[in-house]
Amino acid sequence: MGHKEYELTYKDKASVGEVLSTAAKPLAALKSSREESTWRNILITAENLHGLASLIEMKKQGKLLCADGSPGARLIYIDPPFSTRLEFKGKKSQKAYKDKTVGAEFVESLRRRLILLKELLTDDGSIFVHLDWKKAHYIKVVMDEVFGEENFLNDIVWSYGGRGAKHIAGQFSRNHDIILWYKRGGRHIFNQLTVGRRVAKKGSGFKQDESGRWFKTSPRGDYTDESMEALEKEGRVYTTRNGTMRVKYFLREDGEHLVEDKLVGDVWDDIPDAMHLSETEKTGYPTQKPEALLERVIRAASNPGDIVLDCFAGAGTALVAAEKLGRRWAGIDSGTLAGHTIEKRLLTIASTKSLDDPKKKYGKACRPFDVLGTLEHSGENCCDAHGHTPSVKCRYDIDDASGECVVKIERFSSPGSGLKGMEALSSVAIDFCFDGETMKTDLFATAAELEAKGYELRFPLESIKGEVLIVFTDIFGHEKWFVGELA
Ligand SMILES: C[S@@+](CC[C@H](N)C(=O)[O-])C[C@H]1O[C@@H](n2cnc3c(N)ncnc32)[C@H](O)[C@@H]1O
């Protein structure tokens, strides 16, 4: 037995072998889309320990492949509970999740997921673990053990600002999170990123050369005389009045502004926290992270077609950013509210902002994805795992003049919610030819879209190809499944 220099011990620490023997629970496809596709993105609505075990089986069976054929996820991002001892609720007080696990139990529960996640990475994959001051340093040591100290890449400080003004007695205000980045081993993907800092030309202090190009300068640093000569030929050497040679960096012009491209380092202070999200980005899910943060992670550590995995998906920010950046994705979350928030967000992605140009809409529908769940969640006629089925009163008519089928929601309520009128309604989805097992979303409407149309849904009669399934979902994520013949 080799002698370890140091070792991490704590109460109830399982062996790696025990963790790897975690059983996968059978998963059923609860929802899907009708489109054929060589790859379908995956949303698992289950406890992630079992969800990860299922994904490991899929990887072994060659069913979890990046577009280039590599088995596994090229990038994992997780934002687990931070051990805050709090219970998180949605914007309308819906229960989201509890974050009550503390001490060694918290450390061990995350370690078990990390051991399984390592199995899911491609050989050249990497993992980002988002935490804060409470547990990041404990988990750093765990990650050194699970992934190897030599595979540590960065501890990124996300300095989100915003709350900086809040005074905490006797200490500095806490306004950053810590994101630990490790590779699985060997070479990993790293795309160096830059951010453009815009400054007004006037008063910027930058110089212009004879041909009017704006530039900044830096000391020659390690440049050899030979390199300086080469730079001189490119017009990139600036000599100060006292004869010191400096290197010129040209700046981009944008109207009356200059754009200075800076390399992204390990302190990210240009992405404000979720309180500053635009109304179109806010989902109402607590602890939602900004798409801009996930965009940076995904662009840096993966390429289009790579699988991005998040097993604490929450409002699905990583999945949405992956979708918009042309990556494949797999997400897991055990929460009812989380599952519904993710589905709704993906099915309405076209009207959200583009990551390439935030002034424009993304404009495209999401690619096909399957919602997988443990069998006890699926049910004939009604999906009511928690005894909270919403109650719906609907009228179904045929409009002879237009040849349309009309579904009119007359009343909707959520038991025990105290919400009146249609306040509790979140969305309606329709499958025009239900196979009795998996809901295929042919039509999806949000409560806001329904309200604008007097809570009436119209579709051509000929779209109906068999038994129709209508899924009514409330703002808590609870569903009422109605199956019937409409035509
Ligand atoms: C901090 S939130 C993630 C927020 C997410 N990054 C976003 O931007 O919306 C953590 C999520 O982990 C989920 N979660 C916690 N423990 C879990 C478990 N054991 N299995 C599956 N999901 C879990 C919670 O339901 C919650 O949605």
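Structure shown above.
In short, a report on the structure. (Residues numbered from 1 in each chain as written. Predicted model: local features only at pLDDT ≥ 70, side-chain atom pairs only at ≥ 80, totals over all residues. Heavy atoms only, no water.)

**Comments concerning the pattern of salt bridges**
Argument step 1. Tallied over the full model, the rule gives 40 salt bridges.
Argument step 2. Its salt-bridge partner being Asp442, residue Arg34 comes within 2.8 Å of it at the nearest N-O pair. A residue pair is termed long-range when its members are at least 10 positions apart, and Arg34 in the loop between strand S1 (27–32) and strand S2 (41–45) and Asp442 in the loop between strand S23 (439–440) and strand S24 (443–446) qualify at 408 residues.
Argument step 3. Three or more residues are tied together by salt bridges with common partners; here these are Lys13, Glu108, Arg111, Arg112 and Glu145. (Salt bridge = Lys/Arg side-chain N within 4 Å of Asp/Glu carboxyl O. Helix = DSSP H or I, 4+ residues; strand = E, 2+ residues; numbered from the N terminus.)

**Structural notes on the site of the ligand**
Argument step 1. In the vicinity of the ligand there are 19 residues, among which Asp79, Tyr285, Ala315, Thr317 and Asp333 approach most closely.
Argument step 2. In the environment of the ligand, an oxygen atom lies 2.6 Å from a nitrogen or oxygen atom belonging to the side chain of Thr317.
Argument step 3. The separation between a nitrogen atom of the ligand and a polar main-chain atom of Ser334 is 3.2 Å.
Argument step 4. Within the complex, 93% of the 600 Å² of free accessible area of the ligand lies under protein. (Near = heavy atom within 4 Å. Polar contact = N/O pair within 3.5 Å; in protein donor to acceptor, adjacent residues only side chain to side chain. Areas by Shrake-Rupley, 256 points an atom, 1.4 Å probe, with all protein chains shown as cover.)

**Side note on the sheet that holds strand S6 (residues 121–131)**
Argument step 1. The 11 strands lie next to each other as S16-S7-S8-S6-S3-S17-S18-S2-S19-S1-S23, forming an open sheet whose pairing is mixed. Strands at the two margins of the open sheet, each flanked by one partner only, are strand S16 (267–268) and S23.
Argument step 2. Sheet topology note: the S2/strand S18 (residues 328–332) ladder contains 3 bridges and is parallel. If you follow Ile44 over to S18, its bridge partner there is Ile332.
Argument step 3. Along the sheet, helix H4 (residues 136–147) contacts S6, strand S7 (152–159) and strand S8 (176–183); its crossing angle with S8, the most-contacted strand, is approximately 5°. (Pairing = 2+ DSSP bridges. Contact = heavy atoms within 4.5 Å. Axes fitted to C-alpha atoms, helices over the stretch in contact; angles between N-to-C directions.)

**Focus: the packing of helix H2 (residues 48–60) against helix H3 (residues 103–120)**
Argument step 1. It is the contact of H2 with H3, at a shortest axis distance of 9 Å, that shows an interaxial angle of 20°. On the basis of the axis angle, H2 is roughly parallel to H3. Our pair here, H2 against H3, has a crossing hand that is left-handed. Counted together, Asn48, Leu49, Leu52, Leu55, Ile56 and Lys59 of H2 and Arg112, Arg113, Leu116, Leu117, Glu119 and Leu120 of H3 form the full contact between these two elements.
Argument step 2. Looking at the contact of H2 with H3 residue by residue, the class counts come to 7 nonpolar, 1 polar and 4 charged. (Parallel < 35°, antiparallel > 145°, perpendicular 65-115°, else oblique. Left-handed = near helix turned anticlockwise from the far one by under 90°. Nonpolar A, V, L, I, M, F, W, Y, C, P; charged D, E, K, R; others polar.)

**A closer look at empty space enclosed by the protein**
Argument step 1. Scanning the model with the defined rule gives 1 cavity of 30 Å³ or more in all.
Argument step 2. Computed from the structure, the largest cavity encloses a volume of approximately 90 Å³.
Argument step 3. Lining the largest cavity are 14 residues, with Lys31, Glu343, Ala429, Phe444 and Thr473 sitting closest to its centre.
Argument step 4. Looking at the lining of the largest cavity element by element, the count peaks at 4 residues for helix H8 (residues 336–347).
Argument step 5. The two domains that each donate at least three residues to the lining of the largest cavity are domain 1 (16–192 + 265–377) and domain 3 (391–484). (1 Å grid on protein atoms, 1.4 Å probe; cavity = no way out; pocket = protein on both sides within 12 Å on 5 of 7 lines; lining within 4 Å. Points joined across faces, edges and corners; volume = space filled by probe spheres on them. Domains from an automatic or database assignment.)

**Brief notes about unusual backbone geometry**
Glycine aside, residues mostly have negative phi angles, and peptide bonds mostly take the trans form.
Argument step 1. The phi dihedral of Arg85 is positive, around 70°, even though this residue is not glycine.
Argument step 2. Along the chain, Arg85 falls in the loop between strand S3 (73–78) and strand S4 (86–89).
Argument step 3. Taking relative accessible area as the criterion, Arg85 reaches 57% and is therefore assigned exposed.
Argument step 4. Positive phi values are uncommon outside glycine, yet Thr287 reaches one of about 60°.
Argument step 5. Checked against the element boundaries, Thr287 lands in the loop between S16 and helix H6 (291–301). (Buried < 20%, exposed > 50% of the residue type's maximum accessible area, 1.4 Å probe, protein only.)

**A word on the environment of Trp268**
Argument step 1. Within the secondary structure, Trp268 is located in strand S16.
Argument step 2. With 91 residues separating them in the primary sequence, Trp268 and Asp177 have C-alpha atoms 9.9 Å apart.
Argument step 3. In this structure the side chain of Trp268 is engaged in a polar contact, spanning 2.7 Å, whose partner is the backbone oxygen of Gly265.

**Observations concerning the sheet that holds S24**
Argument step 1. Pairing in this open sheet of 4 strands is antiparallel, and the strands run S24-S22-S26-S27 from one edge to the other. Single-partner strands in this sheet number two, and they are S24 and strand S27 (479–484). Taken over all neighbouring pairs, the strand axes of this sheet differ in orientation by 15° on average, direction set aside.
Argument step 2. Relative to S27, strand S26 (residues 468–474) runs antiparallel, the two sharing 6 bridges. Looking across to S27, one finds that Val468 is bridged to Gly484.

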